[in-house]
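Structure assessment
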Amino acid sequence: DGGITQSPKYLFRKEGQNVTLSCEQNLNHDAMYWYRQDPGQGLRLIYYSQIVNDFQKGDIAEGYSVSREKKESFPLTVTSAQKNPTAFYLCASSIDGGGTFYGYTFGSGTRLTVV
Amino acid sequence: DAKTTQPTSMDCAEGRAANLPCNHSTISGNEYVYWYRQIHSQGPQYIIHGLKNNETNEMASLIITEDRKSSTLILPHATLRDTAVYYCIVRVFGNEKLTFGTGTRLTIIP
């Protein structure tokens, strides 16, 4: 079945360490996105990529980095510069960069806890 | 994209219709109304979208007022599995970004 896979589901890291969250899709979608969600809050856009080898900052990109070397993969690195990294991270994809009526397909998320 | 306003929370009895309102008074002519829902600790799921006509699919119906300043998502026969946070989003077709607010927490009561 086609979909988006985020791994791991739960991740614990020590403060000051970089950590990379995985996102893989087999939907042949061009565009991919990373969102952050804090308890009781909506989703905030971190980074997005409309094509391979290209990506743009979202609303809260500071302290994060991404790469898009393959169409299927859009990993997110949470760096030590991110002041409050504990959150629920969601990856999404869309068939193109906005030209679809059906919006996004989301993964099941990674819950990152920094101790 | 235009801003939306939704009630923070709502309850609905199981088996009844759940009507979730959304205000988008600053919507422009080329902005679509999208609805997503997020069940606890999962990724949001697309429900339905529309421009100005009422829409219906296997999950829900979307009623958009004639002036397009507000809309209502209707779940015709709510079940316990419909308990979730529902997001109303307006978006220009072709805009690569979806902006999520805090949504409405719908609780279906047995």
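Computed from a predicted structure; not experimentally measured. Per chain, residue numbering runs from 1 following the sequence as it is written. Throughout, the order in which chains and ligands are written sets their labels, letters from A for the former and numbers from 1 for the latter. At least 70 in pLDDT is required for a residue's local features to be given in this predicted model, at least 80 for side-chain atom pairs to be given and counted, and no such filter applies to totals for whole chains, interfaces and linings, which use all residues. Computation of side-chain values: all heavy atoms of the structure, hydrogens and water removed.

Okay, the overall build of chain B next. Note on conventions: DSSP H or I runs of at least 4 residues are helices, E runs of at least 2 residues are strands, and numbering of each starts at the N terminus. On a plain count of helices and strands, chain B comes out with zero helices and nine strands. Start at the N end of chain B and walk to the C end: the helices and strands fall as β-β-β-β-β-β-β-β-β. In chain B, 57% of the contacts between residues at least 6 apart in sequence involve partners at least 24 apart. Residue burial considers only the protein chains on display, and all accessible areas are found by Shrake-Rupley using a 1.4 Å probe. When the accessible surface of chain B is summed, it comes to about 5,500 Å², and 50% of that surface belongs to carbon and sulfur atoms. Put simply, chain B has 10 plus and 10 minus side-chain charges, and the middle of one group is 3 Å from the middle of the other. Throughout, a residue-residue contact means that at least one pair of heavy atoms, one from each residue, lies within 4.5 Å. Just so you know, the count uses Lys and Arg for positive and Asp and Glu for negative, and it drops His and the chain ends. Think of each charge as sitting on NZ of Lys, CZ of Arg, CG of Asp or CD of Glu.

To continue, consider the pattern of salt bridges. Residue and element names in this part refer to chain A. By salt bridge we mean one thing: a side-chain nitrogen of Lys or Arg within 4 Å of a carboxyl oxygen of Asp or Glu. On inspection of all chains with the given rule, the structure shows four salt bridges over all chains. The partner of Arg-36 in a salt bridge is Asp-38, and the shortest N-O contact between them spans 3.0 Å. Relative accessibility under 20% of the residue-type maximum defines a buried residue, over 50% an exposed one, and the middle range a partly exposed one, all with a 1.4 Å probe and only protein chains included. Residue Arg-36 is classed as buried on the basis of its relative accessible area, which comes to 4%. Accessibility expressed as a relative area gives 14% for Asp-38, which makes it buried. Salt bridges linked by common partners bring Arg-36, Asp-38 and Arg-44 together as one network.

Take the nonpolar core next. Generally speaking, nonpolar side chains in soluble globular proteins are found buried as a group. In this structure, Trp35(B), Leu73(B), Tyr86(B) and Leu106(B) are the most contacted members of the largest nonpolar core, which totals 21 residues. By residue number, the principal contributor to this core is strand S8 (residues 84-92) of chain B, which donates four residues. Residues belong to one nonpolar core when they are buried, are Ala, Val, Leu, Ile, Met, Phe, Trp, Tyr or Cys, and are joined through side-chain atoms within 4.5 Å.

The subject of this paragraph is the sheet that holds strand S2 (residues 18-23) of chain B. Residue and element names in this part refer to chain B. At least two bridges found by DSSP between two strands is the condition for calling them paired. Reading across the sheet, the four strands line up as S2-S7-S6-S5 and stay open at both edges, with antiparallel pairing between neighbours. Pairing within the sheet leaves two strands with one partner each, and these edge strands are S2 and strand S5 (55-56). Here S5 pairs with strand S6 (residues 61-64) via two bridges, running antiparallel. Residue Thr-56 lies in a different strand from S6, and its bridge partner there is Ser-61.

Residue and element names in this part refer to chain B. With respect to the secondary-structure elements, His-24 resides in the loop between S2 and strand S3 (31-38). A relative accessible area of 0% means that His-24 is categorised as buried. A polar contact is formed between the side chain of His-24 and the backbone oxygen of Arg-68, at a distance of 2.8 Å. When residues no more than four places from it in sequence are discounted, the contact partners of His-24 are Lys-3, Thr-4, Val-33, Arg-68, Lys-69, Ser-70, Ser-71, Cys-88 and Val-90. Pairs of N or O atoms are called polar contacts if they sit within 3.5 Å, as long as, within protein, a hydrogen donor faces a hydrogen acceptor (for residues adjacent in sequence, only side-chain-to-side-chain pairs).

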